[in-house]
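# Tertiary structure, described
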Amino acid sequence: MTATTGATQTAHPERPGRSDGVCNEFTVFTEIKPGHADAMREDLAMLADATNDERVHAALRQIGTLHDARHVIFDNDTRHMFASVFDGSWDTYIDDFAQTEVGDRFDKVFSHTEGFPGVKDPGVKDWFVAHQAPAGVFVSSYPDLTVQQVWKDQRVSEAFQAVLDTPEFRAALDNPANAELVATPAFQKLLDEASA
């Protein structure tokens, strides 16, 4: 579940960015304020360190739609790129960041860019649209899986792997009463996938 229940509409009903299945790309190019590159680099280093902070992970779980994100400083410390992949509505994605710990960290980094109004500012979506450049090509390795589905698949896999390692499971496989179930193509596929 995402942090926001509804999207805020702005003057731009069509949002830039490409999709592949449920995954959407978001790429923003900004100008770094003169003399701010080192400060931005320091804030990015703190942001990288914060990825081990449980509050940041809790905020990302609360948002629940972010596949990945990256910041890059380039052009001799004059430009900045933020790129991410997310599920769902563009408007909801921006709204969700404003409501979490991640939004505060986002504001700190983007404060070093020209004209950034702040992630909670009503004009921030228009600012992002003005600085967003859609990818020429965007491909996802798992276009039909949301972040929530990936997390669920991981939990199910970990639980199943834990069951596979028990003597009780091995005994159940060897029990003649379960032979018919064990012989089914679906069960064999499950065992094959688990051992891959």
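Data block above holds the structure.
The following paragraphs examine the structure supplied in this document. (Residues numbered from 1 in each chain as written. Predicted model: local features only at pLDDT ≥ 70, side-chain atom pairs only at ≥ 80, totals over all residues. Heavy atoms only, no water.)

## Digging into the overall build of the chain
Put simply, the rule is: Elements are defined by DSSP. Helices are runs of H or I of four residues or more, strands are runs of E of two residues or more, and each kind is numbered from the N terminus. Note that the radius of gyration is over C-alpha atoms, with the globule rule given as 2.2 Å times the number of residues to the power 0.38. In what follows, a contact means two residues having at least one pair of non-hydrogen atoms within 4.5 Å. Calculation of accessible area relied on Shrake-Rupley with a 1.4 Å probe; when residues are assessed, cover is drawn exclusively from the protein chains displayed.
From N to C terminus, the chain includes nine helices and four strands. N-terminal to C-terminal, the α/β element order of the chain is β-β-α-α-β-β-α-α-α-α-α-α-α. The C-alpha atoms of the chain give a radius of gyration of 22 Å, which is well past the 16 Å a tight globule of 196 residues would have. For the chain, long-range pairs separated by at least 24 residues make up 74% of all intrachain contacts whose partners lie at least 6 apart in sequence. Surface exposure of the chain reaches about 11300 Å², of which carbon and sulfur atoms provide 55%.

## Description of the side chain of D43
In this fold, D43 is placed in helix 1 (residues 37-50). Once residues lying within four places of it in the same chain are set aside, the contact partners of D43 are K108, V109 and H112.

## Section: the pattern of salt bridges
How we decide: Put simply, a salt bridge is a Lys or Arg side-chain nitrogen that is within 4 Å of an Asp or Glu carboxyl oxygen.
Evaluation of the coordinates by the stated rule reveals nine salt bridges. Note that R70 and D68 form a salt bridge whose closest N and O atoms lie 2.4 Å from each other. Between K125 and D95 there is a salt bridge, with the nearest N and O atoms lying 2.8 Å from each other. Highlighted residues: K125 in helix 5 (residues 124-131) and D95 in helix 3 (residues 90-98), separated in sequence by 30 residues.

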